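# Observations on chain architecture
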Amino acid sequence: MSIKENIKKIKEEIGDNVKLLVVSKTRSLEEMEEAYEIGERDFAENKVQELVYKEENFHKDVNWHLIGKLQTNKVKYIVGKTALIHSLSSVKLLQMIEKKFGESNEIANVLIQINIGREESKSGILEEDLEELILEVEKCNFVKVKGIMVIIPKGDEESNRMYFRKTKEIFDDLKTKKFKNIVMETLSMGMTHDYKIAIEEGANTIRVGTGIFGERDYSK
Ligand SMILES: *Cc1c(COP(=O)(O)O)cnc(C)c1O
């Protein structure tokens, strides 16, 4: 199937209440154009350099999402270029975002990435460190937290469901509380192989690459 057909099929499946992010990492501007032509405006990248290049060379009315690890020394490159940073994972990173966005008088919209599977290989904050991060967010002037993002451990359907459900519980819990600079709107979870389960468990934003463009070739 073509890129356009893949997108149409996914959008029919997920309905109007779930937002599809087109994960365009490693993909050419020509491939992305196919998605743009049928109305997609939310694109997600995992590398700062690639996001910046595409932001400068693709359509101007696109919302760029950073879904990969963000190093503190790269924050300065994305000021004013991202609609949403999905990977806030530490107090140190928060403080750098506050500083760099503040210098340009820009607001950073971010999601807190939780390492829900407690995997050493993955970034994201551990559940027990959330409170400390939230207290720091309340002190910010240029950072707005809009929700939560997770990348769950590889596993079978039952395991996926368990991690999604756990994340939704944290999301709902924070939603009932009132914190300065925090509104729980976006629950970003689910990729090509598990987005259906993620939606059943409460995701309202999914990130799909392979299911739209086919397998990625990292050698290019
Ligand atoms: C690459 C990536 C995706 C998309 O994965 P697919 O399996 O290709 O759909 C989603 N989220 C993050 C954080 C990614 O890095």
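Residues numbered from 1 in each chain as written. Predicted model: local features only at pLDDT ≥ 70, side-chain atom pairs only at ≥ 80, totals over all residues. Heavy atoms only, no water.

## Re the pairing of strand E6 (residues 143-150)
Worth spelling out the cut-off: Partly exposed describes any residue whose relative accessible area lies between the buried limit of under 20% and the exposed limit of over 50%, with all areas from a 1.4 Å probe on protein chains only and scaled to the type maximum. Secondary structure counts use DSSP, requiring at least four H or I residues in a row for a helix and at least two E residues in a row for a strand, with both numbered from the N terminus. DSSP-based pairing: two strands are paired if at least 2 bridges between them are found. Consider the strands pointing away from the viewer: the crossover is right-handed when the path from the first strand over the helix to the second runs clockwise.
In terms of burial, E6 is a largely internal element, six of the eight residues being buried. Here strand E5 (residues 108-114) pairs with E6 via seven bridges, running parallel. Paired with Ile114 across the strands is Val150, a residue of E6. Viewed along the sheet, the connection from E5 through helix H6 (residues 130-137) into E6 turns out right-handed.

## Thoughts on the UniProt feature "domain: Alanine racemase N-terminal" (unreviewed entry) in the protein
Cut-off, in case you're wondering: UniProt positions are given in the numbering used here, feature names are shortened, and annotations may be inferred rather than shown by experiment.
The UniProt feature table records "domain: Alanine racemase N-terminal" (unreviewed entry) at residues 2-216. The annotated region residues 2-216 carries 40% helix and 20% strand content, and the separation between its end C-alpha atoms amounts to 15 Å.

## Considerations on the packing of aromatic side chains
Two aromatic rings are characterised by how far apart their centres lie and by the angle between their planes. Stated precisely, the cut-off is as follows: Note on aromatic pairs: the rings of Phe, Tyr and Trp (six-membered ring only in Trp) are paired at centre separations within 6.5 Å, and the planes decide the class, stacked below 30 degrees, edge-to-face beyond 60, tilted for the rest. The rule is short: NZ of Lys or CZ of Arg within 6 Å of the ring centre and within 35 degrees of the ring normal puts a charge over the ring.
Enumeration according to the criterion identifies four aromatic pairs in this entry. Here the aromatic rings of Tyr36 and Phe58 are separated by 5.8 Å at their centres, their planes lie at 80°, and the arrangement is edge-to-face. Linking Tyr36 in helix H2 (residues 29-37) with Phe58 in the loop between helix H3 (48-57) and strand E3 (63-66), this pair joins segments that are 22 residues apart in sequence. The burial state of Tyr36 is the same as that of Phe58; both residues are buried. Relative to Phe58, the ring of Phe43 lies with its centre 5.6 Å away and its plane at 75°, an arrangement referred to as edge-to-face. Of this pair, Phe43 sits in strand E2 (residues 42-45) while Phe58 sits in the loop between H3 and E3, and the two are 15 residues apart along the sequence. Residue Phe43 is classed as buried on the basis of its relative accessible area, which comes to 0%. Residue Phe58 is classed as buried on the basis of its relative accessible area of 8%. The rings of Tyr36, Phe43, Phe58 and Trp64 are connected pair by pair, giving a single aromatic cluster. Positioned over the ring face of Tyr36 is Arg41, at 3.5 Å from the centre of the ring.

## Let's talk about the UniProt feature "modified residue: N6-(pyridoxal phosphate)lysine" (unreviewed entry) in the protein
As annotated in UniProt, the feature "modified residue: N6-(pyridoxal phosphate)lysine" (unreviewed entry) corresponds to Lys25 in the numbering used here. The topology assignment puts Lys25 in the loop between strand E1 (19-23) and H2. Taking relative accessible area as the criterion, Lys25 reaches 15% and is therefore assigned buried.

## With respect to H2
The periodicity of an α-helix, 3.6 residues per turn, causes residues three or four places apart in sequence to face the same way. For clarity, the cut-off: The directions considered for the arc run from the helix axis to the C-beta atoms. Residues are treated as being in contact if the distance between any of their heavy atoms lies within 4.5 Å.
Burial in H2 covers these residues: Leu29, Met32, Ala35 and Tyr36. Buried positions in H2, seen along its axis, are confined to an arc of 110° and lie on one side of it. Exposed side chains of H2 directed beyond 90 degrees from the buried face belong to Glu30 and Glu37. Elements in contact with the buried residues of H2: helix H1 (3-14), E1, E2, H3, E3 and helix H9 (210-213). Positive backbone phi, at 105°, marks Gly39, one or two positions downstream of H2.

## Some remarks on helix H5 (residues 91-103)
Condition: A helix is expected to reach a length of 1.5 Å times the quantity of its residues less one.
Given a rise of 1.5 Å per residue, 13 residues ought to cover 18 Å, and the 18 Å separating the end C-alpha atoms of H5 matches this to within 8%. Of all the positions in H5, only Val91, Leu93, Leu94, Ile97, Glu98, Lys100, Phe101 and Gly102 are classed as buried. Check the buried side of H5 and you find it contacts helix H4 (75-78), strand E4 (84-88), E5, H6 and E6. Looking one or two residues beyond H5, the residue adopting positive phi is Asn105, at roughly 55°.

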